[in-house]
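The lines below spell out each chain.
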Amino acid sequence: MCQLLLSLNFITLVFERIMKSTENNEKIGAESSESQEEKTKKPRKQPRKTQGQIIQEALGLGPTDIQDVEKKLFIVRFLDYFSEEILDFIFKDSTLNQYVKQITTHISDFSEGREEDRILKLSFESKGILDIVNKLKQKAEELALSKGINSSMDKRLRKLTLVITLPLFAAILVISFIPNFPPFFLFPVLCVFCMLPQLIKGNVVKKWFAFKEQNKNEIYSKNREEIMILKNFAGELLDNIRSRLIELRVPLQLIKFVLHSRDYDNLSLISQKNIRGTMQYFYNFEYPTDVEPFPIPQQLQQYDQPLISEKKKAAKMEKNFIVLTEIKGKNGIINYFVPTLKDKFAEKINDMLNDSEFSKSPKKFKEIIPNYAESMAIYCICGEIAEISNVQICNWKNQFKFYLFEGEQCKCREEVYAISLMDESDEIPEELKDIFLN
């Protein structure tokens, strides 16, 4: 009887991880409704100014000046990354459409800006940037189809996990009802159940990176002209940003960003990193030879992070952020979670982190997630369990706190970052719900 209960408990846990349940969210909402009502009765504290607002005021910048630079850097980072890693976008229509929608909005804003920005808009349209992006994606998909790949890696991983997990789940369900089934046979079955999906996932990921490595040069050589048009427009944007910052007398050393190539002028390389064969370069702008560096105001010298930065704890335009969803836990202790890859929200997560203040967690990771094991772990994209080395408490705009878990560099040289609520009843700000909820 004990064996049967143990098996059924395990099956219940597995079922919760496979089938996303809305009942959990309803329960959380019901449990926290009373506490939320109490919160609404209390007067809200005036949120402190963000670091960006402080820098803006110290430099005498208008809000649109900051927004313009952010919009242009967003477009630059996308075009640069897409040009270098076109295969990462194949069979990902919804992801690409999100980028295209945001870029289209930013470009339309240029028509209402300065003359230099209107020229950028005309250049964007005359070069047919979005048409080239779609054309390159289509060509990359045709190449993939000729090699036997007809879906994105993420979709294949989800499908394989489901195909493997459901039969194993059924097998355990059957075994649990076999009278007098030896319990020592159940343990190997459970081990297979836990390990097999991860082994297959790791194999799929390795094959995917091998495919990229084998075909990247072919993609570039056959489409060099179109790729160079994208890079040239990204260079125009960078020159425009640099000129505008100098015009505003913004210290260029405050503006740091990540790109995936070294194909641009007037940039100063700060550092570089190789992640599974993909180079990432950390830059700021160079001053022209006839311009002396602008001094950083005294009140800004305390800040390590610049006006527009890639946060130290999420340094790059990370696309494999893990979000711990469906958490169960209170008082900063997490007893259950479902790790969810939120690649579609990478840019938004980076923005959230850039608007947050960091402090080291007083609790150790083992205290925060005491049940961390193969059956409930944060995994690297290669399939290895992430070894969490650092836990930060992030305070978003002095309104909302959450965990940031930083993993040790994996054997595959990838770094894992995961974020999570601190309490299942935490009230999530409306603009962050699509990040933390399913």
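Each chain carries its own residue numbering, running from 1 in the direction its sequence is written. Local features are withheld for residues below a pLDDT of 70 in this predicted model, meaning they are given only at 70 or higher, and side-chain atom pairs are given and counted only at 80 or more; totals for whole chains, interfaces and linings count all residues. As a rule here, side-chain values come from all non-hydrogen atoms in the structure, and water together with hydrogens is ignored.

### Brief notes about the overall build of the protein chain
Check the secondary structure of the protein chain and you find 13 helices and nine strands. Buried residues in the protein chain amount to 49% of all 438 residues. Throughout, a residue-residue contact means that at least one pair of heavy atoms, one from each residue, lies within 4.5 Å. Long-range contacts, defined as pairs at least 24 residues apart, comprise 72% of the intrachain contacts of the protein chain with a sequence gap of at least 6. Accessible surface, the protein chain: about 23,000 Å² in total, of which carbon and sulfur atoms supply 53%. Strands are runs of DSSP state E lasting at least 2 residues, helices are runs of H or I lasting at least 4, and numbering of each runs from the N terminus. Classification of residues uses two cut-offs on accessible area relative to the type maximum, computed with a 1.4 Å probe and protein chains only: under 20% is buried, over 50% is exposed, and between them is partly exposed. To be clear on the numbers: accessible area is Shrake-Rupley with a 1.4 Å probe, and residue cover counts the displayed protein chains and nothing else.

### Here we look at the side chain of Ser-83
Mapped onto the elements of the fold, Ser-83 is located in helix H4 (residues 63-84). Given the relative accessible area of 4%, Ser-83 is considered buried. Nitrogen and oxygen atoms within 3.5 Å of one another constitute a polar contact, given that in protein one can donate a hydrogen and the other can accept it, and given that sequence-neighbouring residues count only through two side-chain atoms. For Ser-83, the side chain forms a polar contact with the main-chain oxygen of Leu-79, separated by 2.6 Å. The residues contacting Ser-83, other than those within four sequence positions of it, are Ile-227, Leu-230 and Lys-231.

### Re the packing of helix H5 (residues 93-110) against helix H6 (residues 115-127)
Every axis in this analysis is a line fitted to C-alpha atoms, fitted for helices over the stretch in contact. Angles between the N-to-C directions lie between 0 and 180 degrees. As a packed pair, H5 and H6 sit with axes 7 Å apart at the nearest point and diverge in direction by 135°. One finds that H5 runs oblique with respect to H6. Here H5 contributes Ile-103, Ile-107, Ser-108 and Phe-110 to the contact with H6, which in turn contributes Asp-117, Arg-118, Leu-120, Lys-121 and Phe-124. Residue composition of the contact of H5 with H6, by class: five nonpolar, one polar and three charged. Any angle between 65 and 115 degrees counts as roughly perpendicular, while under 35 counts as roughly parallel, over 145 as roughly antiparallel, and the rest as oblique. In the scheme used here, Gly and all other residues not listed as nonpolar or charged are polar, with Ala, Val, Leu, Ile, Met, Phe, Trp, Tyr, Cys and Pro taken as nonpolar and Asp, Glu, Lys and Arg as charged.

### Side note on the packing of aromatic side chains
Stacked, edge-to-face and tilted are the three classes for Phe, Tyr and Trp ring pairs, Trp counted by its six-membered ring, which pair at centre distances within 6.5 Å; planes under 30 degrees apart are stacked, over 60 edge-to-face, the rest tilted. Counted under the stated rule, the structure contains 19 aromatic pairs. Summarising the aromatic geometry, the rings of Phe-365 and Phe-405 are spaced 5.6 Å apart at their centres and angled 75° between planes, so their arrangement reads as edge-to-face. Remark: Phe-405 occurs in strand S8 (residues 400-407) and Phe-365 occurs in helix H12 (residues 365-368); sequence separation between them is 40 residues. Grouped by ring-pair contacts, the aromatic residues Phe-74, Phe-78, Tyr-81, Phe-82, Phe-89 and Tyr-99 constitute a single cluster. Sitting over the face of the ring of Phe-110, Lys-72 holds its NZ or CZ atom 5.7 Å from the ring centroid. Above the plane of the ring of Tyr-336 lies Lys-328, whose end atom (NZ or CZ) is 5.4 Å from the centre. The criterion for a charge sitting over a ring is simple: Lys NZ or Arg CZ within 6 Å of the ring centre, and within 35 degrees of the ring normal.

### What to know about the confidence of the model for the protein chain
Confidence scores here are pLDDT values: one per residue, from the predictor, ranging 0 to 100. Summing up the model confidence of the protein chain, the mean pLDDT is 78 and the portion of residues at 70 or higher is 74%. Scored below 50 in pLDDT, residues 1-43 makes 48 contacts in the model with residues more than four places away or belonging to other chains. Scored below 50 in pLDDT, residues 304-318 makes 64 contacts in the model with residues more than four places away or belonging to other chains.

### Focus on the packing of H5 against helix H7 (residues 129-146)
Where H5 meets H7, the closest approach of the two axes is 11 Å, and the angle between their N-to-C directions is 170°. Judged by the angle between their axes, H5 and H7 are roughly antiparallel. In contact with Asp-93, Leu-96, Val-100 and Thr-104 of H5, H7 contributes Leu-130, Val-133, Asn-134, Lys-137 and Glu-141. Here the contact of H5 with H7 is composed, by residue class, of four nonpolar, two polar and three charged.

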